[in-house]
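Breakdown of the fold
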Amino acid sequence: MKISIFLNQIPRTLIENNEIFFDNKKSEVIFYYMVLRGKVSRTGLAYQIWPDSNESAARKNLRNHLYYIRKTIGRNIFNTSKDILSVDNDVEVEVIVDSAGNRIMEGICLPESDEIQSFFMDLYDKHSELYMVGNRKQLDDGVNEKNESKVRKAYENITKIDPYDEESCRKMMLFYLNFNSYNKGIEIYLRMRELLKADLNEMPEKETSEIYGKLVSLKKDSQGKAKRNFFGRSDEIIKINEQYSNFINGLDYSNIIIYGGVGTGKTFLMNNIIRDMNDDDNVIRINLSCFEIENDFSFKAIYKFTKQVLDLMNRKVTSIKKDDIDLINKFLPFLSYENIGSDHIDDDVERMTKVSYIQFEEAFMSICLELTRSNKLLITIDDIHNMDFLSLRLLSNLFMGRFKDKILLLSTCRRNQIHRIVDLTDIMINKNDLMMVELDNFSFADVEKIIGKRIEHDTDPDLVNKLYRETKGNPLFLFEYIESMENGNKTINEFKFISIFKNKYEMLSDLHKRILSVSSTFFDVIDYRIVSDVLKLDELKILESLDELVRMGCLIEEYDNDDISIAFFHDKFREYIYDSLSGLILRRYHSDIAENIEKRLTGTARDYLEYNRLVYHYRIIGNRNKYLKYVVKKYEFLLNPNIEYPEYISSINNEDLVNLNKEINKLDRDNDIWIDFQILKGAYEIKNCMYEDGKNSVLAAIDNAKAYNALYKAYNQMIYYSIQIRDLDQMHDYLCKLKALTDKDGSRFEIGKLKRLWGLYRIMNGGYDKAESELKDSIEIFGSSSDMELSPLNLASSYNYLGYIYKYKGDYIKATEYYKKAVEICLDSNILSGQTVYYTNLGQSLYELGRFSEAKEYLLKSETLHKKVFTIWSKPLTECYLSLIHFNEGDYKLSHKYLESSILHAKKLKNPYESSFVLKAMVLIKVECLKNSELNSIFSDILDKDVRYYVQEAIDSFKVLKMTGEIDFLEELLC
């Protein structure tokens, strides 16, 4: 008897060429296990399948299933010799691998038997290995035979088993490169890159990326050969080329802004100049395009800019500081760039350590400085007027002294925006270093020459007159109309600008029209994957169609180093298509695109870029809830309300939140968005010392919140508020509420954070022993946590609070050790949050120990950081001690300046701890002023009361803090 077993995804069995079917699943599993295994122990098999039955019952169950197998097959194929069960010698078993690369024998399993499960897993692994060997050979054969069908089939089979096989990916890419099928090779790479990024948070290997670079370069060259004719602008080209020549040859040069009205050819001129520039190994380029909608999206251009800088740096530079890379990755966590030696960045928004924008700038400048040590940098920016302010600020730093002679800017700008851009760039670029190139419409003589050159008959004066009259010499409309004439349209009766676009659009196929219709709803570049999903078409088909639309002049390809982006050849063409679509169609497209983007959200900080797109699409279709949801998420990212230190990186101001509040208040108060916004608004107000408003916002959220996450965030905000104003009763109340909440549903990490806050409360209340126990418990939890982003932040804070215990006890030596530990953790983990506090506390303790030079060093570090984060927390303390240090050094004017500033900041912050030490500094300086009339005259405007007044104010303030050592010191002054 011959038994043929086909190892398919769903296995098949033929007995003498007749297929058999098992109605009983367990019998089927036993059959396959026995036939493929050959022989087993009968008793052992029975126990494996029925481990909870006694021997007699297990053997009986096995006997029943063997009987069922015999009945299904038509004869007994097993022999029993003593306790050994085996396949009969006269049974020939043929195993045939006939799989499409999927997991074989699905459904053939017995969860109650580890042995049988393991057998089938081993079988699958063995099958996969053989299957991969066979398909790799098929791939190689297909490449040699130049058989695309065979190659694609083999590659598909390989990726079903090992989707991350880059070696096979490279073979596919090279196959298409050799046949000039650049789009197909690029598509293979993009799929691999997206998969590696999504599943493993990795980038393709360098060898794979290099092949991709060749594909992009060859595709770019092929597009360049088919470029449209360029006419005129010779004077402008000469001016710009002269500046570029001076730049590369080390002579004086000017940065360039090309400006003009709509359709005057600004982008076309810039691209033509770039394309015709001679390649220079020492000049590298960064190319940016800015879109109108992006002006409202902070960091959008920074993201594009930084991504290209990192890519360039990877190829051009070897010695880059790891700290700078890590810092940039923390600021822009959606840029994961492992190829340069940076550790993997965990992207969870809740676990992301925020750094200040200015600190990011410094790291970015450091990288750019390294990049330009042996290279010059050409930065081209299309539509610079659309760049968001923070990105423009980043750009400004690249034109300071240290980059002089190293960077050239070539940009385009709308005429009606040029004065605004010049005013903004005046800060960064001296007007003498800026050359303005204005583009006007073509003259009548230019139009006559163009028509004579492009149309193959003598120039018709009437045609020239009509064309010039209708187009006013505008290059965009002029060339589009001439192209229309070349395609057979010889008339210009009742010519309208819009008819140019209409003619261009009407000549397209239905598929091209559908693709452009969907694409017109993107505010920036076209995402072919989303177009594919919306139209339910294969991605490769969409890529090929987009390529055809580029060749037709409807779209353009922009090259950012090795990346290709596709956009409309002119935004007016996009607007024409968009405006021609019905409201229902637009609503459907925007809705489909937004839903597609939502599916791709990862719950990580990388989602920040997608929030901007979601805000745009949901605003267009009027989905108020979704629109507001993502606006709030965007602001949460910028504000970072999840830390107790009142610091944040943000371009948010109160007016932003006031305007958003008007829209949010139209929602029901039990709406999650309304609740999240109240917490966000409250966090902003508390961080900015608008305490009553912040408190009311958070309490409104608490009154309406029911969900754990909302209550957790709101209770924490009330605790942070209590810390800032030192309201211990309120702090205790919300710590108890938070404990009740986390006891029920909290994570171990959240419990550790709660213990840390309890520790701070007990310090502020004088319970130092209990506080130390709570803090050490929290350190143990954070030290064992898998959360590698927020754990260092919380560890540093716990050590800082341990320092508080010993400072309150007057043991400044021990306090200093803990503060240094907090600083060390921050520096090791590139954490900015809290550093201002830790440096100030360290400086204060060293001052009290009489180590003034060391104290000054750390206090100045804190002062520097205060200029880089949005916070005044610990600023009064920093300034009052710097005032004392400068007073002791004899620099009384600088001492006065610091003291005056500390008094103002203390009044705003309203924190009793910092106010107490400001009062102490006022006392110490006032005492010295009494001894010297000259000193008294310097400080009389801010220390105009009797010394006893200041002493008593300071004593009363320290009593609130229960700092008996400070009280005793001050009372001695009264004696």
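Residues numbered from 1 in each chain as written. Predicted model: local features only at pLDDT ≥ 70, side-chain atom pairs only at ≥ 80, totals over all residues. Heavy atoms only, no water.

1. Observations concerning the overall build of the protein chain
In terms of helices and strands, the protein chain carries 43 helices and 14 strands. A burial count over the protein chain gives 56% of its 975 residues as buried. (Helix = DSSP H or I, 4+ residues; strand = E, 2+ residues; numbered from the N terminus. Buried < 20%, exposed > 50% of the residue type's maximum accessible area, 1.4 Å probe, protein only.)

2. Points about the UniProt feature "repeat: TPR" (unreviewed entry) in the protein chain
The UniProt entry lists residues 796-829 under the feature "repeat: TPR" (unreviewed entry), expressed in the numbering used here. Taken end to end, residues 796-829 is 94% helix and 0% strand, and its first and last C-alpha atoms sit 10 Å apart. (UniProt positions renumbered as here; feature names shortened; annotations may be inferred.)

3. Considerations on the sheet that holds strand 1 (residues 2-6)
On the basis of which strands lie adjacent, the open sheet formed by 4 strands has the order 3-2-1-7 and mixed pairing. Sheet topology places strand 3 (18-19) and strand 7 (92-96) at the edges, where each strand pairs with a single neighbour. In this sheet, strand 2 (residues 12-15) lies alongside strand 1 in antiparallel orientation, the contact comprising 4 bridges. Bridge pairing links Ile3 to Ile15 in strand 2. The sheet strands contacting helix 1 (residues 25-37) are strand 1, strand 2 and strand 7, and the helix crosses strand 1 at an angle near 110°. (Pairing = 2+ DSSP bridges. Contact = heavy atoms within 4.5 Å. Axes fitted to C-alpha atoms, helices over the stretch in contact; angles between N-to-C directions.)

4. Re the packing of helix 28 (residues 672-687) against helix 29 (residues 691-704)
At a minimum axis distance of 7 Å, the contact between helix 28 and helix 29 shows a crossing angle of 160°. Judged by the angle between their axes, helix 28 and helix 29 are roughly antiparallel. The two elements helix 28 and helix 29 meet at a crossing, and its hand is left-handed. Contact residues: helix 28 offers Trp674, Ile675, Gln678, Ile679, Lys681, Gly682, Glu685 and Ile686, while helix 29 offers Tyr691, Asp693, Gly694, Lys695, Ser697, Val698, Ala700, Ala701 and Asn704. Across the contact of helix 28 with helix 29, the residue classes tally to 8 nonpolar, 5 polar and 4 charged. (Parallel < 35°, antiparallel > 145°, perpendicular 65-115°, else oblique. Left-handed = near helix turned anticlockwise from the far one by under 90°. Nonpolar A, V, L, I, M, F, W, Y, C, P; charged D, E, K, R; others polar.)

5. Regarding the nonpolar core
Counting 226 residues, the largest nonpolar core has Leu398 and Leu555 as its most contacted members. If near-sequence neighbours (up to four positions away) are discounted, Leu555 is found in contact with Leu516, Ile526, Leu546, Leu549, Val550, Ile566, Ala567, Phe568 and Phe569. Counting residues in each nonpolar core, the second largest holds 34 residues, with Ile3, Ile30, Tyr32 and Ile116 among its members. (Core = buried A, V, L, I, M, F, W, Y, C linked by side-chain atoms within 4.5 Å.)

6. Focus on the side chain of Arg756
Considering the arrangement of structural elements, one finds Arg756 in helix 32 (residues 748-764). The exposure class of Arg756 is buried, given its relative accessible area of 1%. Here the side chain of Arg756 touches Asn794 through a polar contact of 2.6 Å, side chain to side chain. Excluding its chain neighbours within four sequence positions, the residues that come into contact with Arg756 are Glu644, Leu775, Ser778, Phe782, Asn794, Ser797, Ser798 and Tyr801. (Polar contact = N/O pair within 3.5 Å; in protein donor to acceptor, adjacent residues only side chain to side chain.)

7. Examining the pattern of salt bridges
Opposite charge on two side chains lets them pair, provided their charged atoms get close. Under the criterion given, the structure shown has 41 salt bridges. With a closest N to O distance of 3.5 Å, Arg59 and Asp83 form a salt bridge. Of this pair, Arg59 sits in helix 3 (residues 55-73) while Asp83 is found in the loop between strand 5 (78-81) and strand 6 (84-87), placing the two residues 24 residues apart along the sequence. Residue Asp83 is classed as partly exposed on the basis of its relative accessible area, which comes to 26%. A salt bridge links Asp141 to Lys137, with the shortest nitrogen-to-oxygen separation between them at 3.0 Å. With Asp141 and Lys137 both in helix 4 (residues 114-145) and 4 residues apart, this pair spans about one turn of that helix. Three or more residues joined by partner-sharing salt bridges are found here, namely Glu194, Asp527, Arg529 and Arg600. (Salt bridge = Lys/Arg side-chain N within 4 Å of Asp/Glu carboxyl O.)

8. Some details on helix 31 (residues 728-745)
The end-to-end C-alpha separation of helix 31 is 25 Å, in line with the 26 Å expected for 18 residues at 1.5 Å each. Those residues of helix 31 lying buried are Leu728, Gln730, Met731, Tyr734, Leu735, Leu738, Leu741 and Thr742. The buried side chains of helix 31 occupy one side of the element, clustering within an arc of 140° when seen end-on. Exposed residues pointing more than 90 degrees away from the buried face of helix 31 are listed as Asp729, Ala740, Asp743 and Lys744. Close packing links the buried residues of helix 31 with helix 29, helix 30 (708-725) and helix 32. (Expected span 1.5 Å × (residues − 1). Arc of directions from axis to C-beta.)

9. Considerations on unusual backbone geometry
Where the residue is not glycine, phi is negative for most of them; where a peptide bond is considered, it is trans in most cases. Of note, Asn17 is a non-glycine position whose phi angle comes to about 70°, a positive value. Within the chain, Ser874 stands out as a residue other than glycine whose phi angle is a positive 70°. Mapped onto the elements of the fold, Ser874 is located in the loop between helix 37 (852-866) and helix 38 (875-889).

10. With respect to the packing of aromatic side chains
Under the counting rule described, the total for this entry stands at 34 aromatic pairs. With 5.4 Å between their ring centres and 75° between their planes, Phe175 and Tyr176 make a pair best called edge-to-face. With respect to burial, Phe175 and Tyr176 carry one shared label: buried. For the ring pair Tyr611 and Tyr630, a centre distance of 5.9 Å and an interplane angle of 35° mean the geometry is tilted. Taken together, the residues span a long stretch of sequence, with Tyr611 in helix 25 (residues 607-621) and Tyr630 in helix 26 (residues 624-639) at a distance of 19 residues. One aromatic cluster is present, formed by Tyr768, Tyr801, Tyr804, Tyr808, Tyr819, Tyr847, Phe852, Tyr881, Tyr913, Phe917 and Phe958 through successive ring pairs. The ring of Phe969 has Lys920 sitting right over it, with the charged end atom 5.2 Å from the ring centre. The ring of Tyr949 is capped by Lys945, whose NZ or CZ atom sits 5.4 Å from the centre of that ring. (Phe/Tyr/Trp six-rings, centres within 6.5 Å; stacked < 30°, edge-to-face > 60°. Lys NZ or Arg CZ within 6 Å of the ring centre and 35° of its normal.)

11. A few points about the sheet that holds strand 6
Here 3 strands make up an open sheet; going across it, the order is 4-6-5 and the pairing antiparallel. Single-partner strands in this sheet number two, and they are strand 4 (39-41) and strand 5. Adjacent strand axes in the sheet meet at a mean angle of 25°, parallel and antiparallel pairs treated alike. Summarising the sheet, strand 4 and strand 6 pair through 3 bridges and their orientation is antiparallel. Within strand 6, the residue paired with Val40 across the bridge is Leu85.

12. Describing empty space enclosed by the protein
Taken as a whole and judged by the stated rule, the model has 4 cavities of 30 Å³ or more. Considered as a void within the structure, the largest cavity measures approximately 240 Å³ in volume. Breaking the lining of the largest cavity down by element, the ones donating at least two residues are helix 32, helix 34 (790-809), helix 36 (835-848) and helix 40 (912-929). In terms of residue count, helix 34 provides more of the lining of the largest cavity than any other element does, 5 residues in total. Grouping the constituent residues of the lining of the largest cavity by class yields 12 nonpolar, 4 polar and 4 charged. (1 Å grid on protein atoms, 1.4 Å probe; cavity = no way out; pocket = protein on both sides within 12 Å on 5 of 7 lines; lining within 4 Å. Points joined across faces, edges and corners; volume = space filled by probe spheres on them.)

13. Focus: the environment of Ile673
Position of Ile673 relative to the elements: it lies in helix 28. Given the relative accessible area of 10%, Ile673 is considered buried. In this structure the C-alpha to C-alpha distance between Ile673 and Lys629, which are 44 residues apart in sequence, comes to 5.7 Å. Setting aside anything within four residues of it in sequence, one finds Ile673 in contact with Asn625, Leu628, Lys629, Val632, Ile664 and Leu667.

14. Remarks on helix 40
Quick reminder: α-helices carry 3.6 residues per turn. Residues three or four places apart thus point the same way. For helix 40, with 18 residues, the first-to-last C-alpha span of 25 Å sits near the 26 Å given by 1.5 Å per residue. In terms of burial, helix 40 is a largely internal element, 15 of the 18 residues being buried.

15. Some details on the packing of helix 38 against helix 39 (residues 892-909)
Interaxial distance between helix 38 and helix 39 falls to 8 Å at its minimum, and their mutual angle equals 160°. Between helix 38 and helix 39, the interaxial angle falls into the category roughly antiparallel. In this structure, helix 38 crosses over helix 39, and the sense of that crossing is left-handed. Every residue of helix 39 that contacts helix 38 at Lys875, Pro876, Glu879, Cys880, Leu882, Ser883, His886 and Phe887 is listed here: Tyr892, Leu894, Ser895, Tyr898, Leu899, Ser901, Ser902, His905, Ala906 and Leu909. Within the contact of helix 38 with helix 39, the residues separate by chemical class into 10 nonpolar, 6 polar and 2 charged.

16. Structural notes on the pairing of strand 9 (residues 283-289)
For strand 9, a buried count of 7 out of 7 residues is recorded, marking the element as mostly surrounded by other parts of the structure. Covered by surrounding structure in strand 9 are Val283, Arg285, Asn287 and Ser289 together with Ile284, Ile286 and Leu288, the residues of both alternating faces. Relative to strand 10 (residues 376-382), strand 9 is paired through 7 bridges, and the arrangement is parallel. For Ser289, the partnering residue across the bridge sits in strand 10 and is Asp382.

17. A word on the environment of Leu680
One can find Leu680 in helix 28. Taking relative accessible area as the criterion, Leu680 reaches 2% and is therefore assigned buried. Between the C-alpha atoms of Leu680 and Ala701, which are 21 residues apart in sequence, the distance is 9.8 Å. If near-sequence neighbours (up to four positions away) are discounted, Leu680 is found in contact with Val632, Tyr635, Glu636 and Leu639.

18. Topic: the environment of Phe119
Along the chain, the position of Phe119 falls in helix 4. As for Phe119 and Arg37, which are separated by 82 residues in sequence, their C-alpha atoms are 8.6 Å apart. With residues near it in sequence (within four places) discarded, Phe119 still touches Tyr33, Leu36 and Arg37.

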